[in-house]
Amino acid sequence: MQLSHNALVVRGGSQQDPAFLEKRVLEAVEKGEGPGVSIWADNAFPLESREDTLRRITADAKTVYPKIMVSTAGTLLEMGFILVHDPSNGQAHNHFNVFFSLPVQQSELTRFISCFSDPELKPSL
């Protein structure tokens, strides 16, 4: 899946604490998945509003969190992150991973968190 610079990227939940994110990264390592976290992303359809795009992304991802944080593919790429498309193992077609270095660097976690908006309510279906 090719993402445009303006493609919306979603993190589920409202946690913006680097220690919490580090715990998630290390849990993924323990599971054998590598030092990464899941995000969901997609390009907007022509004339699709931001809210409709977010509604579609979160519905496809089956996001269970009532709040989400939003960025763009371009912002993440500009900050040095690579989005790895990974719809395997029953994941949604718009599932991506972002991987971190090991050992995990606090500056990298903080930089990742800074790419996203403050938590906002997930658009209702």
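Just so we're clear, the structure is a prediction, and the values are computed from it rather than from any experiment. (Residues numbered from 1 in each chain as written. Predicted model: local features only at pLDDT ≥ 70, side-chain atom pairs only at ≥ 80, totals over all residues. Heavy atoms only, no water.)

With that settled, consider the sheet that holds strand S4 (residues 83–85). With respect to topology, six strands assemble into an open sheet ordered S4-S5-S2-S1-S3-S6, the strand pairing being antiparallel. A strand with exactly one partner marks an edge of an open sheet, and here the two such strands are S4 and strand S6 (120–121). In the sheet, strand S1 (residues 8–12) pairs with strand S2 (residues 36–42) via three bridges, with the strands oriented antiparallel. Its bridge partner lying in S2, Val 10 is registered against Trp 40. Lying on the sheet, helix H1 (residues 18–30) is in contact with S1 and S2; it crosses S2 at an angle near 100 degrees. The strands that helix H2 (residues 50–61) touches are S1, S2, strand S3 (67–72) and S6; relative to S1, the one it contacts most, it runs at about 50 degrees. (Pairing = 2+ DSSP bridges. Helix = DSSP H or I, 4+ residues; strand = E, 2+ residues; numbered from the N terminus. Contact = heavy atoms within 4.5 Å. Axes fitted to C-alpha atoms, helices over the stretch in contact; angles between N-to-C directions.)

Time to look at the packing of H1 against helix H4 (residues 106–114). Remark: H1 packs on H4, axes separated minimally by 9 Å, with the N-to-C direction vectors making an angle of 105 degrees. With respect to each other, H1 and H4 are oriented roughly perpendicular. Contact with H1, carried on its side by Pro 18, Leu 21, Glu 22 and Val 25, involves Gln 106, Leu 109, Thr 110, Phe 112 and Ile 113 of H4 and no other residues of that element. Its residues assigned to classes, the contact of H1 with H4 comprises six nonpolar, two polar and one charged. (Parallel < 35°, antiparallel > 145°, perpendicular 65-115°, else oblique. Nonpolar A, V, L, I, M, F, W, Y, C, P; charged D, E, K, R; others polar.)

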